[in-house]
Amino acid sequence: MASYAKEKDGIFPSVCSLDCPDTCGLLVHKKDGKIVKVEGDPTHPVTQGAICNKVRNMPARIHDPNRLKYPLKRIGAKGEGKFARITWKEAIETISSKWKALIREHGAESILPYSFYGNMGILNAEGMDRRFFHRLGASQLERTICNAAGKAGYMYTLGGGYGTDPEETVHAKLFIFWGCNAVSTNMHQVTLAEKARKNGAQVVVIDVHKNQTGRWADWFIPILPGTDTALALGLMHVLFAENLVDEEFLTAHTVGHEELREHVKRYDPETVSAITKVPAEDIYKLARLYGTTSPAFIRIGNGPQHHDNGGMFVRSVACLPALTGQWHIKGGGAIKGNSDYSAVNFQVLQRPDLLKQKTRSINMNQIGEALTELDPPVYSVFVYNSNPLVVAPDTNKVKAGFAREDLFTVVHDLFLTETARYADIVLPATSAFENLDLYTSYWHLYVHLHEPVLEPYGESKSNVDVFRLLAQAMGFEEQAFKDTEEEMIRQILDREANPYLDGITYEALHEKRFMKINSSKAPKFPGRLPTPSGKIELYSTRMEKEGLPPLPTYEPIKEEEMFPLLFVSAPNHNFLNSTFSNNAKHVAMEKTPRLHIHPEDARKRGIEHGEKVRVYNNRGECELTAFVAENVLPGAVVSQGLWADEPGTKRIVNALTPSRLSDMGGGATFFSTRVEVEKLAADANGMADKKNSDSDV
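Reading the values: rules and limits
Once a new chain begins, its residue numbering starts again from 1 and follows that chain's sequence as written. A pLDDT threshold of at least 70 governs which residues receive local features in this predicted model, and a stricter bar of 80 or more applies before side-chain atom pairs are shown or counted, although totals over entire chains, interfaces and linings include all residues. As a convention, hydrogens and water are excluded, and side-chain values are obtained from all of the structure's heavy atoms. Helical segments are the DSSP runs of H or I of at least four residues, strand segments are the runs of E of at least two, and each set is numbered from the N terminus. Only the C-alpha atoms count toward the radius of gyration. The rule for a globule is 2.2 Å times the residue count to the power 0.38. Note on classification: 1.4 Å probe, protein chains only; a residue is buried when its accessible area is under 20% of the maximum for its type, exposed when over 50%, partly exposed between these limits. It only takes one pair of heavy atoms within 4.5 Å for two residues to be counted as in contact. Here, Shrake-Rupley sampling with a 1.4 Å probe gives the accessible areas, and only protein chains in the shown set may cover a residue. Under the counting rule used here, the positive set is Lys and Arg, the negative set is Asp and Glu, and His together with the chain ends is not counted. Where a charge sits is defined by one atom per residue type, namely NZ (Lys), CZ (Arg), CG (Asp) or CD (Glu). N or O atoms within 3.5 Å of each other form a polar contact, as long as, within protein, one can give a hydrogen and the other can take it, and as long as residues adjacent in sequence are counted only when both atoms are side-chain atoms. The pairing criterion is simple: DSSP has to find at least two bridges between the two strands. An axis is simply a line fitted to the C-alpha atoms; with a helix, the fit covers only the stretch in contact. Between two such axes, the angle follows the N-to-C directions and lies from 0 to 180 degrees. When two cysteine sulfur atoms are found within 2.5 Å, that pair is recorded as a disulfide. By nonpolar core is meant a set of buried Ala, Val, Leu, Ile, Met, Phe, Trp, Tyr and Cys residues that side-chain atoms within 4.5 Å join together.

Novice: So what's going on with the overall build of the protein chain? Residues and values would help.
Specialist: Looking only at helices and strands, the protein chain features 26 helices and 27 strands. The C-alpha atoms of the protein chain give a radius of gyration of 25 Å, which matches the 26 Å a tight globule of 697 residues would have. Counting only C-alpha atoms and orienting by the principal axes, one finds that the protein chain spans roughly 70 × 65 × 50 Å. Sorting the 697 residues of the protein chain into buried and exposed places 63% on the buried side. Within the protein chain, counting contacts between residues at least 6 apart in sequence, those at least 24 apart form 75% of the total. Total accessible area on the protein chain is roughly 25,700 Å²; 49% of this is exposed by carbon and sulfur atoms. Placing the 80 positive and 87 negative side-chain charges of the protein chain at their respective mean positions leaves the two points 3 Å apart.

Novice: So what's going on with the environment of Ser-97? Residues and values would help.
Specialist: Relative to the helices and strands, Ser-97 resides in helix 3 (residues 88–106). Residue Ser-97 is classed as partly exposed on the basis of its relative accessible area, which comes to 42%. When the C-alpha positions of Ser-97 and Gly-648 are compared, they lie 38 Å apart, and in sequence the two are 551 residues distant. Separated by 3.1 Å, the side chain of Ser-97 and the backbone oxygen of Thr-94 make a polar contact.

Novice: Could you give an account of the sheet that holds strand 5 (residues 83–85), naming the residues involved and the relevant values?
Specialist: Reading across the sheet, the six strands line up as 5-4-17-16-15-6 and stay open at both edges, with mixed pairing between neighbours. Whereas interior strands pair on both sides, the edge strands pair on one side only; in this sheet they are strand 5 and strand 6 (111–115). Strand-to-strand twist of the sheet, defined as the mean angle between neighbouring strand axes without regard to direction, takes the value 20°. Direction of pairing for strand 6 relative to strand 15 (residues 380–384): parallel, over a ladder of five bridges. Each bridged residue has a counterpart across the sheet, and for Tyr-114 the counterpart in strand 15 is Val-383. Relative to the sheet, helix 20 (residues 463–473) contacts strand 15, strand 16 (408–413) and strand 17 (425–428), its axis offset from that of strand 15 by approximately 150°.

Novice: Describe the pairing of strand 16, listing the residues and the values that go with them.
Specialist: The buried fraction of strand 16 amounts to six of the six residues, a majority that puts the element mostly inside the structure. Burial along strand 16 is two-sided: Phe-408, Val-410 and His-412 and Thr-409, Val-411 and Asp-413, pointing in opposite directions, are all buried. For strand 15 and strand 16, the ladder comprises five bridges, and the chain directions are parallel. What sits directly across from Ser-380, in strand 16, is Phe-408. The pairing of strand 16 with strand 17 spans four bridges and is classified as parallel. Paired with Val-411 across the two strands is Val-426, which belongs to strand 17.

Novice: Could you give an account of the state of the cysteines, with specific residues and numbers?
Specialist: In protein structure, a disulfide is the covalent linkage between the sulfur atoms of two cysteines. Under the defined criterion, the tally for this structure stands at zero disulfides. Here Cys-16 stays free of any disulfide, with the sulfur of Cys-24 as its closest cysteine sulfur at 5.9 Å. Cys-16 sits in the buried class, given a relative accessible area of 8%. Taking relative accessible area as the criterion, Cys-24 reaches 8% and is therefore assigned buried.

Novice: Break down the nonpolar core for me, with residues and values.
Specialist: Counting residues in each nonpolar core, the largest one holds 167 residues, and the members touching the most others are Trp-99, Phe-132, Phe-133, Trp-178, Phe-382 and Phe-402. With nine residues, helix 10 (residues 228–241) is the single largest residue contributor to this core. When near neighbours in sequence (up to four residues on either side) are disregarded, Phe-402 contacts Lys-78, Ile-367, Leu-371, Val-381, Val-383, Pro-388, Leu-389, Leu-407, Thr-409, Thr-419 and Tyr-422.

In structure tokens, the structure reads:
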């Protein structure tokens, strides 16, 4: 292992660990053992020296004086935030003895892990923890809060997480960013598009909010939330009707194109316009632009999949490059995710064989119901790499669950988060800069080895270390719990089933830091796909057997219409989910939580720009600052960012969102929310809030 961590001064290679498609190569500058500067690695083919504000200001988070330094035990009421320092020995003994007692009394299924990808390092996100909870026999968590619906829809169409190599998109002549605020969430795809733009490429953005990406576009197309599938079908209607499809490609590489041709006749532009509020002439214009421009590339965003119909949205848009034959054109096609190219040996990593008998499975989007309604109950939760009291839907129900006196909660984190305030034991976590780990991207095609550049902060420990300690305390003697990080990385790179990883070894990564997957080892995409037919499935018999529409079909969202406004809680520019929302530097850059509302809707409610408003439905409420502008359609309102729950504020937007599951994949339906908005009585902070809302940054 490199000795970067022990070096007090210098510039050292690193990797960004955020749950972001760009997975940037970094250079960190250290002085007196602390990171003083973070910059992009100029030698990285995708990063090319450029990084976002979030990461550029990462030292403020890593060296925040509020970081947890040692284990804590609760001494006050749940949620009060009163804790006392304890030793690691006491913490591990407390947890293990409590779990042994719960297992004797209620069985191991009374224990539930709750995690996601607050750290994208493979070992610390889904390695030793999975081994531990499999061996324990705990309830299993369905980690579906982010891309599960879209992944399922894409799988039905294309068979796996395969798409265009993003580096090839510099050759595209048309970019469609669909529900993807790439300026804030995928900046290097923007960089690649800018290079193509200099060679004449056009950029179209389809979204519910004219955010930074919408303002950057050559053509911004606003759409009503939850209606994107209808627009995709309208485009298909025009493509077939005006003979803008590639018949040769359809015949050779797809199944169901004749059925789809007939099916989309009902989705004429006038009908689709009434659903989406996209003018019919714009639907014709976009379809003709897409059908006559090559290479044409679609970046399928995460946003629209967070609807009741989110899986079908991704499935439908993934069909479009097949209609025009763009999958065979360099720089054309689409990207939803490219994770299957660099898929490591997850069987060896997670060791599901350690689970001796089938246990119940709990969807993370319904953690509120799991903690308040499930029978037999969950009596203990271990939270890591996540902050469910901010990120999970239906916050009030989640809070009620974590407030249970008979629920034993452990939280492993860098900070005393909203969830940690309800914990019985809080454990300090290392940052990714302090860990040895392996990183892959779900967008670009590079694999990275990260060697620690910092010593562990205070008494903090990595997820891998913590679950090793717990395994020992629980008496687990298998070798799986003794493996070092280096041994685990070697194990998971040894995967004959994935020819793309050929030549990528621990030694090679140690020398080079990052390597591109070997795409020469498989047929040119689309090749023979891992679908039942081996082709792109425009008609899916598998979906039909599973009770889903076999052809792309628009179905409205399921939220009852007792509240008039469609509400979308989109990402902002300076946070990543709840990460950074508690750091003063990033909060100062983002300024204040806003609600974007159309002047027509504001006028009906007597709301003026910069005024405080109450946003509410029958699940909860939050208070935001009105941003009145024509950057959303009438009938839709948008907030940005998951803000920390500071005392005296009501800005947890997930108090409003439903815990219903999506049409496929068990995904979240955050954006299929309806609300009402009303003006709050003026307060002392009104003028300051008005000033902060004057510019949309």
